[in-house]
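# Topology and contacts: notes
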Amino acid sequence: MDRLFGGFEANLGRPPTKPCWSLVVPTVAVACAVLHGRSDRKRRAPAKRRRLLPLYASIALKAAAAFVLELACCVVAWLWYAATARRRDDATSEARAREVAFYCGFGFVPGERRHGWDGSALAEGIGGSEQCAIRLARALARTGRRVVVYGGRRRTATFVDGVIYEPARRFDPRAAYGAVVVWRVPQLLLVQAVLGRTLRTPRLAYWIHDGAYLSLLDAAGAAFRAAIRRAVRTADCAVFPSREMRLAQFEALFPDGDAHDGGADVLDSAIVVPHGVPRYFAPGDETRRDGWLLWPVSVERGLDDLLKIVPRLRNAVVSRGGDFKLFVCHHERGYHGGRALSKAGDDVIFTGLLPPERLATMLRACSLFVFPSAVPEAFSISAWECAAHGVVPLVYELGALAALGRVGCPCVAPGDLDGLASAAEALLADPAAAAATRATVRWKWKRRASRWRPCPRRPTRSATPRGPTRTTRRSSRRRRRSVRRVDVL
């Protein structure tokens, strides 16, 4: 985002003044990670289709229906604004020319609020992708820009923390904006690409936050992927929350079985912007219970697997005379682990989705976050929140979760539930070892976060060449040094 909106200084911590007080990783700092692919790939035999993960398989029909509905709404919106173009006055056009617009879709994404969200949702509790968009919009508004977030099917506009939140239907795809961020939903870009047009803005970014699109791209077929490739190329850059998600999305978009040009220009325009991680309290302001576990993510992400190993974890704590508890701090809607839940015991407590103030209380008290998720996470802000606040995550080395190993968190091979249980047992049975691991994670986290720096501003769209470009050997070396310096997650 720095290439689009200018530089922002990193806020790496200050004395706490309210529950959510700083961003350990700056929301708008950018790690420019540019890779070079082969420019001419030959058609290969179609790759064997991968089996959908249980979480994505459970929402496959909803995701397909949501994609079609969003696409239909984008077509209708384009036709409506094309028919009513003469009704717009000059004042509205001038205001939009100075506006930073976030297009967030009509709220059809499974799990998203259909009536939209705004900055007040941070106090109630909301997903990591929404948190990132809210914080970036708020940071841009503080620089004096007019920022408008278009999302959901809300009836009226709201104004929170200097940001205007409008319903998605008020986004004019034919208007000229100062800058546009297309958040999560590529249908708007797809409609523009099919019509042979592009949004009228000098700065256009496509922000990808969902791992679910990996399964959608794999299942939809070569024609669909070709259309999405065409849509992505209409943006100046594709923005990812982690380098693991950037590579996974690229492999899904440019598979070996399709006929394509290799996508070197897409990789060249791909940048990484990690989520901002809120800090709820200062280190040391906590009272740990060595046998308490926290589950701060949606229950479909492996809770049933965790409940299978709860007897082993409980025994590791009880055998040394400790108190075992597992707090599930998320909603239960859609949970499919009823059999495991019936055997969980009274020490497994469902608290529901918690607001930041109550979540901070759980982060102060709990010791571990055992996370057997088979989903290739795009970032997992909950896991990074736990690592930043002393709740040590134990995860599979899969997707963006693999980056937790770089700050000292225990990681095991994907699918190795027994290995994950053994690692958790060792920490629960030995509180001193758990405290040492917690101290290591905090030290490495602080050291890596302090290395983030804003990247220099790049040329805008009008000055940026499209497609693959040639680079000299000297510029390639400089680029590799830049990646080593700032790519810390």
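Higher on the page you've got the structure.
Residues numbered from 1 in each chain as written. Predicted model: local features only at pLDDT ≥ 70, side-chain atom pairs only at ≥ 80, totals over all residues. Heavy atoms only, no water.

## Describing helix 11 (residues 303–318)
Its 16 residues give helix 11 an end-to-end C-alpha distance of 21 Å, which sits within 8% of 22 Å, the value for a rise of 1.5 Å per residue. Taking the largest bend as the criterion, helix 11 deviates by roughly 50°, centred on Ile309, and proline Pro311 comes between one and four positions later. Among all positions in helix 11, only Leu303, Asp304, Leu306, Leu307, Ile309, Val310, Leu313, Ala316 and Val317 are buried. (Helix = DSSP H or I, 4+ residues; strand = E, 2+ residues; numbered from the N terminus. Expected span 1.5 Å × (residues − 1). Bend = angle between axes of the 7 residues up to and from the residue. Buried < 20%, exposed > 50% of the residue type's maximum accessible area, 1.4 Å probe, protein only.)

## Examining the environment of Val148
With respect to the helices, strands and loops of the structure, Val148 is situated in strand 3 (residues 146–150). Separated by 18 residues in sequence, Val148 and Glu166 place their C-alpha atoms 6.9 Å apart. Setting aside residues no more than four positions away along its own chain, Val148 makes contact with Glu99, Val100, Ala101, Phe102, Ile164 and Glu166. (Contact = heavy atoms within 4.5 Å.)

## A word on the pairing of strand 11 (residues 292–295)
Side chains of strand 11 alternate between two faces, with Trp292 and Leu294 and Leu293 and Trp295 buried alike. Across four bridges, strand 11 lies against strand 12 (residues 325–328) in parallel orientation. Across the sheet, Leu293 pairs through a bridge with Leu326, a residue of strand 12. For the segment spanning strand 11, helix 11 and strand 12, crossover handedness is right-handed. (Pairing = 2+ DSSP bridges. Right-handed = clockwise from strand over helix to strand, strands pointing away.)

## A closer look at the pattern of salt bridges
Taken as a whole and judged by the stated rule, the model has 17 salt bridges. Across the pair Asp172 and Arg96 runs a salt bridge, and its minimum N-O distance is 3.5 Å. With Asp172 in the loop between strand 5 (163–166) and strand 6 (179–183) and Arg96 in helix 4 (residues 90–97), this pair connects stretches of sequence that are 76 residues apart. A relative accessible area of 0% means that Asp172 is categorised as buried. A relative accessible area of 12% places Arg96 in the buried class. As a salt-bridge pair, Asp418 and Arg312 come within 2.8 Å of each other at their nearest N and O atoms. On the criterion of sequence distance, the pair formed by Asp418 in helix 15 (residues 417–429) and Arg312 in helix 11 is long-range, its members being 106 residues apart. (Salt bridge = Lys/Arg side-chain N within 4 Å of Asp/Glu carboxyl O.)

## Points about the pairing of strand 12
In the sheet, strand 12 pairs with strand 13 (residues 348–350) via three bridges, with the strands oriented parallel. Note on strand 13: the bridge partner recorded for Leu326 is Val348.

## A few points about the sheet that holds strand 5
Read from one edge of the open sheet, eight strands run 4-5-3-2-6-7-8-9, paired in mixed fashion. In this open sheet, the two strands that pair with only one neighbour each are strand 4 (158–160) and strand 9 (270–272). Adjacent strand axes in the sheet meet at a mean angle of 25°, parallel and antiparallel pairs treated alike. The pairing of strand 2 (residues 99–103) with strand 6 spans four bridges and is classified as parallel. Each residue of the ladder has a partner; that of Tyr103, found in strand 6, is Val182. (Axes fitted to C-alpha atoms, helices over the stretch in contact; angles between N-to-C directions.)

## Focus on the packing of aromatic side chains
Using the criterion set out here, one finds 13 aromatic pairs in the structure. Measuring from ring centre to ring centre gives 6.5 Å for Tyr150 and Tyr177, while their planes differ by 75°; the resulting arrangement is edge-to-face. With Tyr150 in strand 3 and Tyr177 in the loop between strand 5 and strand 6, this pair connects stretches of sequence that are 27 residues apart. With respect to burial, Tyr150 and Tyr177 carry one shared label: buried. Geometrically, the ring pair formed by Trp295 and Phe371 is edge-to-face, given 5.5 Å between the ring centres and 80° between the ring planes. With Trp295 in strand 11 and Phe371 in strand 14 (residues 368–371), the pair connects residues that are 76 residues apart, well separated along the chain. Classification of Trp295 as buried rests on a relative accessible area of 0%. An aromatic cluster of three or more residues is present, and its members are Tyr103, Tyr150, Phe171 and Tyr177. Directly above the ring of Phe254 sits Arg229, whose terminal nitrogen or CZ lies 5.4 Å from the centroid. (Phe/Tyr/Trp six-rings, centres within 6.5 Å; stacked < 30°, edge-to-face > 60°. Lys NZ or Arg CZ within 6 Å of the ring centre and 35° of its normal.)

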